[in-house]
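Structural characterization, general
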Amino acid sequence: MKPAANIMESTAVVSLELNPSTQIVISNDDLLTEILIRLPLVSLHVFKSISKRWCTLITNPSFTYRRTQNPSLDPASGLFIRRRYVSEYDVVPLDTRIPVPLPTPFTLDSNKVEILQSCNGLILCHNIKLDKFIVCNPSMKQFKTIPQSPYEKPDRHPGGSRIAFDPSKSTHYKIVCAGLIFNFRYFGQIQIYSSKTCEWSVTCHQLEQYDHRYTRGFNHGVYWNDAIHWLDTENSNWHSMLDITERSLKTRPQTLANNCHAYDDKKLFDSRGCLLLLCSQKYLQQLHIYEMSGWRSGWSLKYNVNLKELLMPFPNTYYSRVQSIVIGDKDVDSFLVMEMCGKIVRYNIGLKNALLATLLKIYELDSVIDSSDSFQFIASVAAL
């Protein structure tokens, strides 16, 4: 290791070799900030150690606020994968340059806390013993316990609650709970907690009859474009949306390039501002990934994965499920995270030449305990 004096001398030599225009940019805080603010978090972790001045710029609250307004800078760099039937999680790194810490509540009492959802860097958890929600930012090692709602609880499991957070629009988040209550008649109830006011509000809609949309699938809802989107768990051809601003519920049949009924399984994902629909045909060993352009315009086919060709070089390997879809900064950087024979593998779906796309093992699960839901870890500097 070089002595400190030699490092300083080397830095001085490097700075002398820079051309005048570069030196002007580096010496100007405003110009340097405009460059740094456009870099992914993994780069900022490295640049913080260059000098005290750079570290001060990067950790400045105004820098943090401006950067949170561009969430697409940081794709998912890890997964929290819940083991089936137990409240335990495997921490799977997708980018070895960024550490993936468990949300703080799990280091305090892991057996009494479950993850409900992840959304743009924030994690919504549920304290089973206290029946309270907890919002976490694992990157900042921060968490906040949410006060209980003063309103009547709808007929739902705590999993029927979603977090809505879009740092490009606001530094505040909302927790959305939807369910049914019965008081001589059925009412659809929507409760929303706002981190801006630290208060709960409620909206009730009188229903003519029992409305299964409030109870089937909302607990797997995905936040996108100021709304929670989910598929009916008994008929996945129906797509429902809860508009958070208008507090209105909409439903429509899916319109896909292929026949909706030809698919065995469907699941919604979100990545870097995109709402994605994964459709699988197990008999034909095909995966189709659609992207939603808008509620009215519907879905368009984005990727097609031939599992039969993919697994041909691995005769004893079988496909279990897709755990995550990550959209890259460039199309060639996009990839699937899949579970195969107790292993978590990464497969690049953005390469047009299938021969260049290979399976990369990134984690090995406990062979005894099958995995269940997975939740994205996205590095974030958002404050709670």
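None of the values given here were measured: they were computed from a predicted structure.

This part is about the sheet that holds strand E6 (residues 142-145). Strand order in this open sheet of four strands is E3-E4-E5-E6, and the pairing throughout is antiparallel. The sheet is open, and its two borders are formed by strand E3 (113-119) and E6, each paired with just one other strand. Averaged over all pairs of adjacent strands, the angle between strand axes in this sheet comes to 25 degrees, irrespective of strand direction. Both E3 and strand E4 (residues 122-127) contribute to a ladder of six bridges, which runs antiparallel. Bridge assignment links Val113 to a residue of E4, and that residue is Asn127.

What follows concerns unusual backbone geometry. A positive phi angle is found at Cys198, which is not glycine, with a value near 60 degrees. Among the secondary structure elements, Cys198 is positioned in the loop between strand E9 (186-194) and strand E10 (199-206). You will see that Asn225, though not glycine, has its phi angle at about 55 degrees, which is positive. Looking at the secondary structure, you find Asn225 in the loop between strand E11 (222-224) and strand E12 (227-231).

Once that is clear, we can look at the sheet that holds E9. Sheet strands line up and pair through hydrogen bonds in the backbone, either parallel or antiparallel. Read across the sheet, four strands follow the order E7-E8-E9-E10 without closing on themselves; strand pairing throughout is antiparallel. Strand pairing shows two members of the sheet lacking a second neighbour, strand E7 (161-164) and E10, which therefore form its edges. On average, each strand axis in the sheet is inclined to that of its neighbour by 25 degrees, with strand direction left out of account. Direction of pairing for strand E8 (residues 174-182) relative to E9: antiparallel, over a ladder of nine bridges. Across the sheet, Val176 pairs through a bridge with Ile192, a residue of E9.

This part is about helix H5 (residues 52-59). Regarding H5, the residues found buried are Trp54, Leu57 and Ile58. Burial along H5 is one-sided: seen end-on, the buried residues are contained in an arc of 95 degrees. Facing away from the buried side of H5 by over 90 degrees, the exposed positions are Lys52 and Thr56.

Scoring rules and cut-offs
Residues numbered from 1 in each chain as written. Predicted model: local features only at pLDDT ≥ 70, side-chain atom pairs only at ≥ 80, totals over all residues. Heavy atoms only, no water. Pairing = 2+ DSSP bridges. Helix = DSSP H or I, 4+ residues; strand = E, 2+ residues; numbered from the N terminus. Axes fitted to C-alpha atoms, helices over the stretch in contact; angles between N-to-C directions. Buried < 20%, exposed > 50% of the residue type's maximum accessible area, 1.4 Å probe, protein only. Arc of directions from axis to C-beta.

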